[in-house]
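The chain contents come next:
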Amino acid sequence: MTFKDFIGFGVAGNFAGHLEQAGEAADFMAVKTEEAIQPKAIFPFYVPSETLAPTEQFLSTYPLTHDTITFPNDADNLQIEPEVALICNIEYQDGKVVALIPTHFAAYNDCSIRRPNARKICEKKNWGVNSKGISATHIALDKFEQGGNLDQYNIACFHKRDGKLNTYGEDSPAVSYSYFHQKLLNWIIDKMNNQPNQGPMNHIAELIKQANYPTQTIISIGATRYTPFGETNFLQVGDTSIVVVYNATKYTHEQIVEMAEKEEFVEEGISALVQKVK
């Protein structure tokens with residue numbers, strides 16, 4: 001399944017400590033939030049439109065893959081960003097987003113170039129084909145509210161080089177996102193309608209309009225914190241990136257490590273994303 005008719009967004013700053021580790025906290029110094037734990041912004045990573053402005057034209061390249069990362073030509077500080085992606089339907093009224101209805105979730109790699117001088121967040125996110133990752137295993141949501149099945153899942157992340165596996169991201173419960181459930185959806189809807197073209201942010205409503213109001217979206221809801229290894233080690237050609245969203249009531253972290261060593265994951269209660277860097 002491809003998502004070429006979907007619009008793609010990510011949430012910046014929805015996990016305490018990640019922006020500081022990624023060296024990106026300074027980008028958002030001027031962004032005002034209503035509470036300390038509130039995410040900073042949403043950013044586009046894919047806009048299915050042929051009419052984007054020249055400075056945003058790169059966003060029309062479809063970046064999603066489930067098995068590969070194409071190494072960028074102009075950067076060497078490339079990091080895995082382990083996340084949950086929500087696959088959602090969008091409802092509009094009078095040209096405004098009025099509802100997001102998540103239907104499925106999946107493991108996601110918001111793979112990012114650390115560009116300290118980037119003008120916009122999105123300039124670190126889509127450098128062409130195979131620059132973003134989503135698992136081919138999409139798990140149906142029973143409900144995106146407290147007590148729903150996603151509440152039982154954890155996010156794990158690993159890096160493999162020359163056969164050696166290292167833990168890249170802290171194993172984190174999905175419920176430890178700063179904003180989650182309907183609070184997150186309400187905040188995203190507000191940003192879709194009202195986020196300005198300011199500082200590191202894009203004017204999202206204009207991009208939605210240029211994409212002719214797509215009825216479906218993929219939203220990556222924020223990257224977890226890195227381990228000391230993940231914070232200081234960057235991807236190279238030949239590496240393997242592994243992001244796993246797994247039911248922590250069925251599997252232990254140790255069992256997930258064993259599966260990651262073999263790069264073989266059971267399908268029940270697991271959405272795994274294994275990408276080779278090429």
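Preceding this section is the structure that the text describes.
Residues numbered from 1 in each chain as written. Predicted model: local features only at pLDDT ≥ 70, side-chain atom pairs only at ≥ 80, totals over all residues. Heavy atoms only, no water.

S.K.: Looking at this structure, how should I read the overall build of the chain?
M.R.: The helix and strand tally for the chain stands at 5 helices and 15 strands. Whereas a compact globule of 278 residues would reach a radius of gyration of roughly 19 Å, the chain reaches 17 Å, a difference of no more than 12%. Its C-alpha atoms give the chain principal-axis dimensions of about 50 × 45 × 35 Å. Counting all 278 residues of the chain, 55% fall into the buried class. Within the chain, contacts between residues at least 6 apart in sequence are counted, and of these 77% link residues at least 24 apart. Summing over all exposed atoms, the chain offers an accessible surface of approximately 11800 Å²; the carbon and sulfur share of this is 48%. Averaged over its 23 positive side-chain charges, the chain has a centre that lies 4 Å from the centre of its 34 negative ones. (Helix = DSSP H or I, 4+ residues; strand = E, 2+ residues; numbered from the N terminus. Rg over C-alpha atoms; globule rule 2.2 N^0.38 Å. Buried < 20%, exposed > 50% of the residue type's maximum accessible area, 1.4 Å probe, protein only. Contact = heavy atoms within 4.5 Å. Areas by Shrake-Rupley, 256 points an atom, 1.4 Å probe, with all protein chains shown as cover. Lys, Arg positive; Asp, Glu negative; His and termini not counted. Charge placed at Lys NZ, Arg CZ, Asp CG, Glu CD.)

S.K.: I would appreciate a short explanation of the packing of aromatic side chains in the present structure.
M.R.: Any pair of aromatic rings gets described here by the distance separating the centres and the angle formed by the planes. For the coordinates displayed, the defined rule picks out 11 aromatic pairs. Relative to Tyr62, the ring of Tyr46 lies with its centre 5.2 Å away and its plane at 80°, an arrangement referred to as edge-to-face. With a gap of 16 residues between them, Tyr46 in strand β2 (residues 41-46) and Tyr62 in the loop between β2 and β3 (64-65) connect regions that are remote in the sequence. On the accessibility criterion, Tyr46 (6% relative accessible area) is buried. Ring centres of Phe144 and Phe180 lie 5.1 Å apart, and the angle between their planes is 80°; on these two criteria the pair is classed as edge-to-face. Note that Phe144 is positioned in the loop between β10 (139-140) and β11 (153-161) and Phe180 in the loop between β12 (164-173) and α2 (181-194), a separation of 36 residues in sequence. We classify Phe144 as buried; its relative accessible area is 9%. (Phe/Tyr/Trp six-rings, centres within 6.5 Å; stacked < 30°, edge-to-face > 60°.)

S.K.: Looking at this structure, I do not really get the nonpolar core. What am I missing?
M.R.: In globular proteins that are soluble, nonpolar side chains generally tend to be buried together. Ranked by size, the top nonpolar core spans 55 residues in total, and within it Val84, Leu86, Phe105, Leu150, Ile188, Met192 and Ile219 carry the most contacts. Of all the elements in the fold, those that place two or more residues in this core are β1 (7-12), β6 (82-93), β7 (96-109), β11, α2, α3 (204-210), β14 (240-247) and β15 (270-277). The greatest single-element share of this core, amounting to 6 residues, is contributed by α2. Apart from the residues within four sequence positions on either side, Met192 is in contact with Phe9, Ile42, Val97, Leu100, Ile204, Ala205, Ile208 and Ile219. Counting 13 residues, the second largest nonpolar core, distinct from the first, contains Tyr246, Tyr251, Ala260 and Ile270. (Core = buried A, V, L, I, M, F, W, Y, C linked by side-chain atoms within 4.5 Å.)

S.K.: Would you explain the state of the cysteines in this entry?
M.R.: A covalent bond bridging the sulfur atoms of two cysteines is what the word disulfide describes. Scanning the model with the defined rule gives 0 disulfides in all. The thiol sulfur of Cys111 is not disulfide-bonded, and the nearest other cysteine sulfur, from Cys157, lies at 9.7 Å. Judged by its relative accessible area of 1%, Cys111 is buried. Classification of Cys157 by relative accessible area gives buried; the value is 1%. (Disulfide = S-S within 2.5 Å.)

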